[in-house]
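Here's the letter readout for the chains.
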Protein chains: 2
Amino acid sequence: MKARIHVMLKNGVLDPQGKAVQHALGSLGFDGVNEVRQGKIIELELAETDTEAARSSVDEMCRKLLANMVIENYTIELES
Amino acid sequence: MKARIHVMLKNGVLDPQGKAVQHALGSLGFDGVNEVRQGKIIELELAETDTEAARSSVDEMCRKLLANMVIENYTIELES
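Rules used in this analysis
Residues numbered from 1 in each chain as written. Chains lettered and ligands numbered in written order. Predicted model: local features only at pLDDT ≥ 70, side-chain atom pairs only at ≥ 80, totals over all residues. Heavy atoms only, no water. Helix = DSSP H or I, 4+ residues; strand = E, 2+ residues; numbered from the N terminus. Buried < 20%, exposed > 50% of the residue type's maximum accessible area, 1.4 Å probe, protein only. Polar contact = N/O pair within 3.5 Å; in protein donor to acceptor, adjacent residues only side chain to side chain. Contact = heavy atoms within 4.5 Å. Pairing = 2+ DSSP bridges.

S.K.: I'd like a rundown of the side chain of Glu43(B), residues and numbers included.
M.R.: Mapping Glu43(B) onto the fold places it in strand S2 (residues 33–46). Looking at Glu43(B), the relative accessible area reads 13%, which means it is buried. At 2.8 Å, the side chain of Glu43(B) and the side chain of Arg4(B) are in polar contact. Those residues within four positions of Glu43(B) in sequence are excluded, and the remaining contacts are Met8(A), Glu35(A), Val36(A), Arg37(A), Lys2(B), Ala3(B) and Arg4(B).

Set out below in structure tokens:
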């Protein structure tokens, strides 16, 4: 089973990486980019075949390692 | 209009960041994680309202700045 996790900074948390990208896009002549936020995707290939067990396991991975719950939100998508 | 870009390393390109995550998950006792690959998400808030124009502009941003076409693939999702 494949899991895809999206980790993004919470709203209101400053995103200096996003700001840098926005500035760089402006320098390259791309106008009309009002906001940029950058996050990460983590794709896992799991041996687990049960969807509920996989979701609970991935949720624990996010809380323990993959996301910083103080400043980041995560979403989990599973594909069997 | 909002654009979400997913940038992932191409298949076959070594992903040391993913390997590090896989190793760390193993150390934390999560078994059965066969592969981990990490990429980035970039969310743009665009002033452009026309979907085709937005897609073409975001595509150019990816090729010029956001993705390294030699080793990375990107996909673009637009939401009006």
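S.K.: Talk me through the pairing of strand S1 (residues 2–9) of chain A; I want residue IDs and the actual numbers.
M.R.: Residue and element names in this part refer to chain A. With six of its eight residues buried, S1 lies for the most part within the structure. With six bridges joining them, S1 and strand S2 (residues 33–46) adopt antiparallel strand pairing. The residue bridging Lys 2 from the neighbouring strand is Glu 45, located in S2. Strand direction decides the pairing type here: S1 and strand S3 (residues 72–79), joined by eight bridges, are antiparallel. Paired with Ile 5 across the two strands is Ile 76, which belongs to S3.

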